[in-house]
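Listed below, chain by chain, are the residues.
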Amino acid sequence: MMLDLLLNPSFSDISIWKGKEVRFDIFELTDFSNIQNINQVYGFIFNTNNEILLVSHKDLIWSIPGGHTEMNETPIETLIRECYEETGAIVDPKDCIPFFLQKAYKKIDGVWKFDEVQVRYIVKTAKFEKFISDPDLENPILYQKFFSIPSLKEFLKWGTTTDFVINKLQNY
């Protein structure tokens, strides 16, 4: 059944990311436990004002905390590590709700080529330690800020995926 779900996305979105055309097939899932080969994990972290934490590198392209999985990490372990490294957030696995999965594709010579599987969680609450610095020395996170859910449209440049995210987050 899980394979059937990954053949029929909820929707697909084509947009420009860092100057390149990309496609994401979005799957609304409530459980990632049977999904293999997850490459990236990110989290929508709420604060007590019902705002979402965004992060940015020096390029001022805003996103949510997260990143690539490391060897033998589960998606939740990746989420916990990345959120802490990028923001100082201490995430409890009990506060993590699977939100959606996206299969990412890159256009190469006019043809869509599968790139990777990415998952997104909702993190209902987190504690924060003082953020010192992102260990990614090549392109560290420099900025973190909470934004209202409606204002995400201005900061997350993900095409119709942003509309989907805003609509769904307003129900949490």
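Remember, it's a predicted structure, so these values are computed and weren't measured experimentally. The residue numbering used here restarts from 1 in each chain and proceeds along that chain's sequence as written. With the structure being a predicted model, the display of local features is reserved for residues of pLDDT at least 70 and the display and counting of side-chain atom pairs for 80 or more, all residues being used for whole-chain, interface and lining totals. With hydrogens and water set aside, each side-chain value is computed from the structure's full complement of heavy atoms.

1. Concerning the pattern of salt bridges
Any two side chains of opposite charge can pair, given that their charged atoms come close.
Right, so step 1: When a carboxyl oxygen of Asp or Glu lies within 4 Å of a side-chain nitrogen of Lys or Arg, that pair is called a salt bridge. Under the criterion given, the structure shown has ten salt bridges.
Right, so step 2: Residues Lys 106 and Asp 115 are paired through a salt bridge, measuring 4.0 Å at the closest nitrogen-oxygen approach.
Right, so step 3: A simple rule labels every residue: compare its accessible area, found with a 1.4 Å probe on the protein chains alone, to the largest value its type can have, and call it buried under 20%, exposed over 50%, or partly exposed in between. Residue class for Lys 106 comes out partly exposed when judged on its relative accessible area of 43%.
Right, so step 4: Since its relative accessible area comes to 34%, Asp 115 is described here as partly exposed.
Right, so step 5: Linked by salt bridges that have partners in common, Glu 70, Glu 73, Arg 81, Glu 82 and Glu 85 make up one network.

2. With respect to the nonpolar core
A general tendency of soluble globular proteins is for nonpolar side chains to be buried together.
Right, so step 1: By convention a nonpolar core is built from buried Ala, Val, Leu, Ile, Met, Phe, Trp, Tyr and Cys residues, the set being connected through side-chain atoms within 4.5 Å. In terms of nonpolar packing, the biggest core is built from 24 residues, with Phe 44, Ile 52, Leu 54, Phe 99, Leu 152, Val 165 and Leu 169 touching the most fellow members.
Right, so step 2: Counting from the N terminus, the helices are DSSP H or I runs at least four residues long and the strands are E runs at least two residues long. Secondary-structure elements contributing two or more residues to this core are strand 2 (20-28), strand 3 (38-45), strand 4 (51-56), strand 8 (96-108), helix 3 (152-155) and helix 4 (160-169).
Right, so step 3: At four residues, the largest contribution of residues to this core is made by helix 4.
Right, so step 4: Among residues more than four places away in sequence, those in contact with Leu 152 are Ile 52, Leu 54, Phe 147, Thr 162, Ile 166 and Leu 169. Contacts are assigned to residue pairs with any non-hydrogen atoms lying within 4.5 Å of each other.

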